[in-house]
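# Topology and contacts: notes
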Amino acid sequence: MKMLKTARFGEIDADTLTCLHFEEGFPAFEKERDFALIPAAEDSPYVFMQSFLTPELAFLLTRPFLFFPDYHCELTDDVVEKLRLERDEDAVIYTLVTVPDGDVSRLSANLLAPIVVNKENGQARQIILETSGYTTKHRLFQEPKGGGE
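Below you will find a few notes about this structure. (Residues numbered from 1 in each chain as written. Predicted model: local features only at pLDDT ≥ 70, side-chain atom pairs only at ≥ 80, totals over all residues. Heavy atoms only, no water.)

Moving on to the overall build of the protein. Check the secondary structure of the protein and you find 1 helix and 11 strands. Put simply, the protein runs from its N terminus to its C terminus through helices and strands in the order β-β-β-β-β-β-α-β-β-β-β-β. Over its C-alpha trace the protein gives a radius of gyration of 16 Å, about what one expects of a compact globule, namely 15 Å for 149 residues. Referenced to the eigenvectors of the C-alpha coordinate spread, the extents of the protein come out at roughly 55 × 40 × 30 Å. Here the protein holds 149 residues, and the buried ones make up 42% of them. (Helix = DSSP H or I, 4+ residues; strand = E, 2+ residues; numbered from the N terminus. Rg over C-alpha atoms; globule rule 2.2 N^0.38 Å. Buried < 20%, exposed > 50% of the residue type's maximum accessible area, 1.4 Å probe, protein only.)

As structure tokens, this is what we get:
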């Protein structure tokens, strides 16, 4: 049994979790190569990507298609090769979620740089969709319209 120490969740049995490996490290955290996905709550569209190396390091993720059904993420041959993807359906796409100033009504997703996971082998990579027109801050929920009654 491999235990995962986390600042947010305490110790967790990593054998029960989906584990990810970033061969080249996670961008801006290059020493961070191994993570586990921890559901935020039962039936939640969010998961935490928790570092094995640093108990305090966890990122909030979601599947972009839940909020943006028309989202398009084209994988290059290089990404397919590095993740050792044999079938399209083995690729799982996540996006990083930001909670500005702790205000959950202003959640945003980084659609420009999704995280691609090979669900068969746990290989993961963050890619940049350079010509997509996406940004790093797409609001998950629309702001209320108008000024009241």
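Next comes the rest of the account.
What follows covers the pairing of strand S2 (residues 10–13). Pairing between strand S1 (residues 3–6) and S2: 4 bridges, direction antiparallel. Bridge assignment links Leu4 to a residue of S2, and that residue is Ile12. Between S1 and S2, which pair antiparallel in sequence order, lie 3 residues. (Pairing = 2+ DSSP bridges.)

Where burial is concerned, most of strand S5 (residues 46–51) is hidden: 6 out of the 6 residues are buried. Side-chain alternation along S5 places Tyr46, Phe48 and Gln50 on one buried face and Val47, Met49 and Ser51 on a second face that is also buried. Alignment of strand S4 (residues 34–39) against S5, held across 5 bridges, turns out to be antiparallel. Counterpart to Ile38 in the pairing with S5 is Phe48. Between S4 and S5, which pair antiparallel one after the other, the connecting turn spans 6 residues, and Asp43 there sits at a positive phi close to 65 degrees. Pairing geometry for S5 and strand S6 (residues 58–62), over 5 bridges, is antiparallel. In the sheet register, Tyr46 faces S6, and the bridge partner there is Thr62.

Of the voids in this model, the largest pocket is the one considered here, and its volume is about 160 Å³. Of the residues assigned to the lining of the largest pocket, the class counts are 6 nonpolar, no polar and 4 charged. (1 Å grid on protein atoms, 1.4 Å probe; cavity = no way out; pocket = protein on both sides within 12 Å on 5 of 7 lines; lining within 4 Å. Points joined across faces, edges and corners; volume = space filled by probe spheres on them. Nonpolar A, V, L, I, M, F, W, Y, C, P; charged D, E, K, R; others polar.)

The next thing to look at is the pattern of salt bridges. Applying the stated criterion to the full structure yields 7 salt bridges. Linked through salt bridges whose partners overlap, the residues forming this network are Glu24, Asp78, Lys82 and Arg125. (Salt bridge = Lys/Arg side-chain N within 4 Å of Asp/Glu carboxyl O.)

Let's shift gears to the environment of Thr54. Looking at the element boundaries, Thr54 is found in the loop between S5 and S6. With a relative accessible area of 24%, Thr54 lands in the partly exposed category. Remark: the alpha-carbon pair of Thr54 and Thr76, spanning 22 residues in sequence, is separated by 31 Å.

Nothing here speaks to function; it is geometry throughout.
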